[in-house]
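Residues per chain, in single letters:
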Amino acid sequence: SGIQNVLTVSLGCALVLIGLAGASHIHIPIFTGAIQKITVRIKGLFSRVLQEKTILAMAVMGLLNGLLPCGLTYLALTYCLTVGNTASGFFFMLIFGAGTLPVMLGFTAVLQSLITRLNVTFRNFTTVALITLGALLITRSVYVHYHDPQPAGTIVVCK
């Protein structure tokens, strides 16, 4: 629990910093430069791979997309480590991908519609989302850490 709280607060702070840096072009020493370098490298790599229209290039693009931070995907990949063999892990991820594809496509359409309707730029939307999610992570972690939960072994009966 202690490590999880520290990690949650750290990630929340990182999201807020990324959002603030993107919103106001505030230069945060070390952090802003590191993010810019990483972003430029990833964009360059994606650009080179996208220009090639071969099956190998598309496979590399899929592998690079697998490195994007997504907790649900990492959870699914972790589950694949626990199954008995490679084929089971492959089929689990195949089904996982097929199951999440409709949601991902639908979410994109809804998000685009929302951005258009609210007349905001995608950059402004992501900035607000990053700051909000970072604040929620920090708040949740602090609440869980300092909230006085029921003593261990106590059974709560709802009346």
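Scroll up for the structure.
Residues numbered from 1 in each chain as written. Predicted model: local features only at pLDDT ≥ 70, side-chain atom pairs only at ≥ 80, totals over all residues. Heavy atoms only, no water.

**Student:** What's the story with the overall build of the protein in this structure? I'm lost.
**Tutor:** Regarding its fold elements, the protein presents six helices and zero strands. Ordered by position from N to C terminus, the α and β elements of the protein give α-α-α-α-α-α. Out of the 159 residues in the protein, the part that is buried amounts to 14%. Accessible area of the protein: about 12600 Å², with a carbon and sulfur share of 73%. (Helix = DSSP H or I, 4+ residues; strand = E, 2+ residues; numbered from the N terminus. Buried < 20%, exposed > 50% of the residue type's maximum accessible area, 1.4 Å probe, protein only. Areas by Shrake-Rupley, 256 points an atom, 1.4 Å probe, with all protein chains shown as cover.)

**Student:** In this structure, what is going on with the packing of aromatic side chains? I would like to understand it.
**Tutor:** Centre distance and the angle of the planes are the two values used to describe a pair of aromatic rings. Throughout the structure, instances matching the rule amount to two aromatic pairs. When the centroid spacing of 4.6 Å and the interplanar angle of 50 degrees are considered together, the rings of Tyr79 and Phe92 count as tilted. Here Phe92 lies in helix H5 (residues 86-118) and Tyr79 lies in helix H4 (residues 71-82), a separation of 13 residues in the sequence. The class of Phe92 is partly exposed, set by a relative accessible area of 30%. A centroid spacing of 5.3 Å and a plane angle of 70 degrees characterise the contact between Phe90 and Phe91, whose relative ring orientation is edge-to-face. (Phe/Tyr/Trp six-rings, centres within 6.5 Å; stacked < 30°, edge-to-face > 60°.)

**Student:** I would appreciate a short explanation of the environment of Ile18 in the present structure.
**Tutor:** Structurally, Ile18 can be placed in helix H1 (residues 2-24). For the pair formed by Ile18 and Leu130, sequence separation is 112 residues and the distance between their alpha carbons is 7.2 Å.

**Student:** What should I look at first to understand helix H3 (residues 55-65) in this one?
**Tutor:** Each full turn of the α-helix corresponds to 3.6 residues, which orients residues three or four apart in the same direction. Within H3, burial applies to Ala57, Met61 and Leu64. For H3, the angular spread of buried residues about the axis comes to 60 degrees, placing them on one side. Exposed side chains of H3 directed beyond 90 degrees from the buried face belong to Ile55, Leu56 and Leu63. (Arc of directions from axis to C-beta.)

**Student:** How do you make sense of the nonpolar core when you look at a structure like this?
**Tutor:** Nonpolar side chains tend to gather and get buried jointly when the protein is soluble and globular. Of all hydrophobic cores here, the largest spans five residues; its members are Phe46, Val49, Ala57, Met61 and Leu64. Elements that contribute at least two residues to this core include exactly helix H2 (31-51) and H3. For this core, the leading source of residues is H3, giving three residues. Residues within four places of Leu64 in sequence aside, it is in contact with Leu45, Phe46 and Val49. (Core = buried A, V, L, I, M, F, W, Y, C linked by side-chain atoms within 4.5 Å. Contact = heavy atoms within 4.5 Å.)

**Student:** Could you clarify how one ought to interpret the side chain of Ser141 in this entry?
**Tutor:** Its place among the elements puts Ser141 in helix H6 (residues 122-146). Residue Ser141 is classed as buried on the basis of its relative accessible area of 1%. Not counting residues within four places of it along the chain, the set of residues in contact with Ser141 comprises Asn5, Thr8 and Val9.

**Student:** So what exactly am I meant to see when it comes to a nonpolar patch on the surface here?
**Tutor:** On the surface, Phe90, Phe91 and Leu94 cluster together into a nonpolar patch covering about 330 Å² of accessible area. One can find Phe91 in helix H5. (Patch = residues over 30% accessible without salt bridge, like charges linked within 9 Å, V, L, I, M, F, W, Y side chains within 5 Å. Salt bridge = Lys/Arg side-chain N within 4 Å of Asp/Glu carboxyl O.)

**Student:** So what exactly am I meant to see when it comes to H5 here?
**Tutor:** The end-to-end C-alpha separation of H5 is 46 Å, in line with the 48 Å expected for 33 residues at 1.5 Å each. Bending of H5 peaks at approximately 30 degrees at the position of Thr100, with proline Pro102 no more than four residues after it. Where H5 is concerned, the buried positions are Gly89, Phe96, Leu111 and Ile115. For H5, the N-terminal cap is Asn85; the gap from its side-chain oxygen to the backbone nitrogen of Ala87 is 3.4 Å. Just beyond H5, the residue with positive phi is Asn119, at close to 55 degrees. (Expected span 1.5 Å × (residues − 1). Bend = angle between axes of the 7 residues up to and from the residue. Polar contact = N/O pair within 3.5 Å; in protein donor to acceptor, adjacent residues only side chain to side chain.)

Read these as layout, nothing more, since geometry by itself doesn't imply function.
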